[in-house]
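Examining the three-dimensional arrangement
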Amino acid sequence: MGDPIQLKDEGNKHFQAGEIENAIECYTKAIKGCKDKKVLAVIYRNRSACYLKKENYANAASDASKAIDVDAADIKALFRRCQALEKLGKLDMAFKDVQRCATIEPKNQTFLETLRRLGAEIQAKLKTTFSTDSRVQNMFDILLDEEMEKDKREKAANNLIVLSREDAGAERIFQNNGVPLLLTMIETGKQEMVLAAVRTLSGMCTGHKARAMAIIQMVGVDKMCSIMAVDNEEIVLATCNLFQCINDSLTGEDKKDYGKEEALVLDASKDLKTILLALVEMVGSKKVSGHGRDQALNLLSKNVPRIVKKSKDNSKALFTIDHGLKKILKVCGQVSELPDQLPMTENTQLIASVLLTRLYDELSCDPERDNFREICNEYINSKIDPNDMDRTIHAINVISGLLQGPFDVGNALVGRQGIMEMMVALCASEREVDQMVAVEALIHSASKMSRASFIITNGVSLLKDLYKKTKNEKIKIRSLVGLCKLGSAGGDDYSLRQFAEGSTEKLAKQCRKWLCNPKIDTKTRKWAIEGLAYLTNDADVKDDFVEDEIALKAMFDLSKSTDKTIIYSVACTLVNCTNCYDKKDILPELVQLAKFSKQHVPEQHPKDKKDFIDQRVKRLLKAGITSALAVMVKADNSILTDQTKEMLVFLALTDDPKDRGAIVAQGGGKALIPLALEGTEAGKTKASHAIARIAAISNPEIAFPGERVYEVVRPLVGLLHTDKDGMQNYEALRSLTNLAGFSEKLRVKILKEKAISDIENYMFEDHDQIRQAATECMCNLISCKEVQERFVSDGNDRLKLLVLLCGEEDENLQIAAAGALAMLTTAQKKACNKITLVTTQWLEILQRLCIHTNPNVQHRALVIVYNMLDSDNSELAKKLIECELLEILSVIGKAENNPKRQQAIDAARTCLVKAMDLGLIKPFATPS
């Protein structure tokens, strides 16, 4: 441990040198070893000054207080604490400190000015507070007065919600008995009152842990659950948002600095556990509406999985599995046609399957996964009862839910002895509900080729009989989808057709017929799309489908309906129609080897070649695919999973530049932004690539209106990474070039995203087009001062590269490089001199540019020459005029005016005038 006095002096030197971190370190060491109270007070006072510089106001106030404890009249410590308290918003306490300072030194103008300013601020705050208090009370009076006009009550409700979203306003509502009054509004049971109260509570809980915990205690988790259980979608969504705001505040999304009050904020884990248990109970409760159940499942899906996947703490998932897995399975097993079922929406069971997937993905070791499977196994065993068919089909429906969720778990259960046989047997049942559940289960379980083969052997005849004999449209269409799935078991392999030639086309025709029949309910028509999702693996089917514009429009209209479970089937169908699934190229040598060894070789259908695919894309665009996709993107994340996002086919649609304008006009540009920011890595890359294609040739303000244009920069910069392919790099560079040429704010945004280094690297690229695109992008960015500094700073070859690129044969590359040099030398005179030092070839390259046949290149070169003449470097100007450049300038300057080359001619004349001004050449002699 060093001498405290010496450490204090060292700290003072660091502080004077602006090395604040080093100063804090020295003062901290001195505090630990100091025994003298007066010296200790000085050190604390000095460290307080450091914390003020670092804007760490809580620590600054704390250190100043420790100095004041030793000497109450320490004027420096008092003023530093005043400054810190003011920044922390504690104006009354700051006022008291500066008041003491002014008492000790009454003539100090700084103290007097601060005293006046703080006094005025406190008066203004008091005025606002009192006016806010009266406004809050007035709003509640209006809302709770049943005789008040409806317009006034609506305005008061909106004002209350807006006020609650500001921290000061939320605090005034809370302090003015707001929570009990909001509960009184909820008790009225009127929709507008309940919505206003719940939304106000959401605003009060947002970003404030202490207030959120207090509101939980005052309102009660059970009360909030009872509000979310009502059969009113708007109220349910508002209450779901309230739960989410509370969760975000209690889990640390709240970034508020409480200072000394931090100790008063209790541990939130108990409240979080209570909320989690309450949501789990809601999942399986008959008292909860379908919308309420959906949002309880959504909240679990969003908040149970780990936010940071690298974290090893999956305790919330394990807790949910132990207390709620059987309840979620119960939801999956519901059969709406049977009596005494849970209230559900058309989306409920799919949301439950998504939650099962997320819970299973959270498990980190085999024992945890074994436990999950065992609970599922036990639940299904407890339901299978040969004497009670209702219980048995409940078990079969649970397996269907697992096959749509964690497929491995469902697949293992289907593989158990007797399960597949039970499904096939149920198809032959006399009860229509048994047939329907069994057919759905067969459809979901036939995802594996081995299962499909078993069902083809054992169940196709049953499905055909059901299809032909049943009069129930719901069973008929499901039987058809089962046949569709079995018929597509070979995928797009032309040689692996399961059924006879023409059979799949007949099945698809029937699916299209059902799809276009508006008299059939949405849920049943959904199955028609499901059938097409399988059958469009066949190129004949997809070609027929895209030619049927009525069927396409019917599918797009269904995708916009409230039943969002359709989205996945629509996405699959579109992926098949556009052939935008990933498919590895097969080496011809391997094909020959496979044929020689008599192995199966996949065959491509003739209609899966590029010309046919392009025609299909054109028809899809004509039918309105873009607007349908834009609506699908807005679906809730519980339905629009990351895998579904990956399947949205924007990339295939943007292949032809001529189509990109129509895509933008129908909202495709805006719809791509969320896809590029969230989802799987492959999905984000595809969406970013589609954005790059649009941004490269569109007006950014039209394609991505408002602030959205700044959101596209990050995805585009992501495409510059070396793990992306060359086409993605190239199109990203082109799009960034367009954005950089549009506005200074966009150029700054590109720099903030740290794209500049990647762009520089691509200027060294061997590939001509990528190198040109990178140079063009740099040309548009070089008007930024930060970029200019990089080129003129010492110790790098950036400027040399630009000069050498000017000497390349590619005209477009020369235009970009010469343009960048022209702008750089205009803005930075230092660059003019540095050009002569980076390479000995500079003059030769400059002369070649000046006599270039392309007027654009020539004009840029002459601007560089002028900038060099105007650079205040007389030696450089003299060198330019003494070489052949004078003759070149004279020839160009004396040329007759020519609109095509006028810019170059005018630039040459300006250079000659400048040379005359510098006294390097004499004026042209005029004839007498």
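Scroll up to find the structure this text is about.
Residues numbered from 1 in each chain as written. Predicted model: local features only at pLDDT ≥ 70, side-chain atom pairs only at ≥ 80, totals over all residues. Heavy atoms only, no water.

Focus on the side chain of Arg211
Counted only if it meets this: Strands are runs of DSSP state E lasting at least 2 residues, helices are runs of H or I lasting at least 4, and numbering of each runs from the N terminus. Here the term buried applies to any residue with accessible area under 20% of the maximum for its type, exposed to any over 50%, and partly exposed to those in between, with areas from a 1.4 Å probe on protein chains only.
Within the fold, Arg211 resides in helix 12 (residues 209–219). You can call Arg211 buried: its relative accessible area is 3%.

Concerning the pattern of salt bridges
Formally: A side-chain nitrogen of Lys or Arg and a carboxyl oxygen of Asp or Glu constitute a salt bridge if their distance falls within 4 Å.
A complete count under the given rule lists 44 salt bridges for this structure. Between Asp614 and Lys610 there is a salt bridge whose closest N-O contact spans 3.0 Å. In this pair, Asp614 and Lys610 are both assigned in helix 33 (residues 610–623), four residues apart and thus about one turn of the helix distant. Counted as one network, the salt bridges with shared partners bring together Lys610, Asp614, Asp655, Arg693 and Glu731.

So, the nonpolar core
Cut-off, in case you're wondering: Here, nonpolar core refers to any group of buried Ala, Val, Leu, Ile, Met, Phe, Trp, Tyr and Cys residues whose side-chain atoms link them within 4.5 Å. Here a residue-residue contact requires only that any non-hydrogen atoms of the pair lie within 4.5 Å.
One finds Phe372 and Leu515 to be the most contacted residues of the largest nonpolar core, which totals 259 residues. What Phe372 contacts, discounting residues up to four positions off in sequence, is Ile321, Leu325, Leu356, Leu359, Tyr360, Leu363, Pro406 and Val409.

Description of a negative patch on the surface
The condition is simple: Only residues above 30% relative accessible area that lack a salt bridge enter a patch, with like-charged residues linked at up to 9 Å and the nonpolar side chains Val, Leu, Ile, Met, Phe, Trp and Tyr linked at up to 5 Å. Here, Shrake-Rupley sampling with a 1.4 Å probe gives the accessible areas, and only protein chains in the shown set may cover a residue. Only four residue types enter the charge count: Lys and Arg as positive, Asp and Glu as negative, with His and the chain ends excluded. To locate a charge, the coordinates of NZ of Lys, CZ of Arg, CG of Asp or CD of Glu are taken.
The grouping of Asp141, Asp145, Glu146 and Glu147 at the surface amounts to a negative patch. Among the secondary structure elements, Glu146 is positioned in the loop between helix 7 (109–144) and helix 8 (150–164). Taking relative accessible area as the criterion, Glu146 reaches 61% and is therefore assigned exposed.

Some words on helix 13 (residues 221–228)
This is how it is decided: Within this analysis, the arc is defined by the directions that extend from the helix axis to the C-beta atoms.
Listed in full, the buried residues belonging to helix 13 are Val221, Met224, Cys225, Ile227 and Met228. Axial view of helix 13: buried residues confined to an arc of 160°, hence all on one face. Structurally, helix 13 contributes buried residues whose contacts are with helix 10 (178–187), helix 11 (191–205), helix 12, helix 14 (233–250), helix 15 (269–283) and helix 16 (290–303).

As for the packing of helix 17 (residues 315–332) against helix 18 (residues 348–362)
Between two packed helices, what matters for the description is the angle formed by their axes and the separation of those axes. Test applied: Helix axes use the C-alpha atoms of the stretch in contact, all axes being lines fitted to C-alpha atoms, and the angles between their N-to-C directions lie in the range 0 to 180 degrees. What sets the label is the angle itself: under 35 degrees gives roughly parallel, over 145 gives roughly antiparallel, 65 to 115 gives roughly perpendicular, and the rest give oblique. In this scheme the crossing of two helices becomes right-handed for a clockwise turn of the near helix relative to the far one and left-handed for an anticlockwise turn of less than a right angle. Three residue categories are used. Nonpolar comprises Ala, Val, Leu, Ile, Met, Phe, Trp, Tyr, Cys and Pro, charged comprises Asp, Glu, Lys and Arg, and polar comprises the others, including Gly.
Axis separation between helix 17 and helix 18 bottoms out at 10 Å; the angle between their running directions is 150°. Overall, the two elements helix 17 and helix 18 adopt an arrangement that is roughly antiparallel. Where helix 17 crosses over helix 18, the two elements pack in a sense that is left-handed. Across the interface between the two elements, Ala317, Thr320, Ile321, Leu325, Ile328, Leu329, Val331 and Cys332 from helix 17 touch Thr348, Gln349, Ala352, Ser353, Leu355, Leu356, Leu359 and Glu362 from helix 18. Of the residues in the contact of helix 17 with helix 18, the class split is 11 nonpolar, four polar and one charged.

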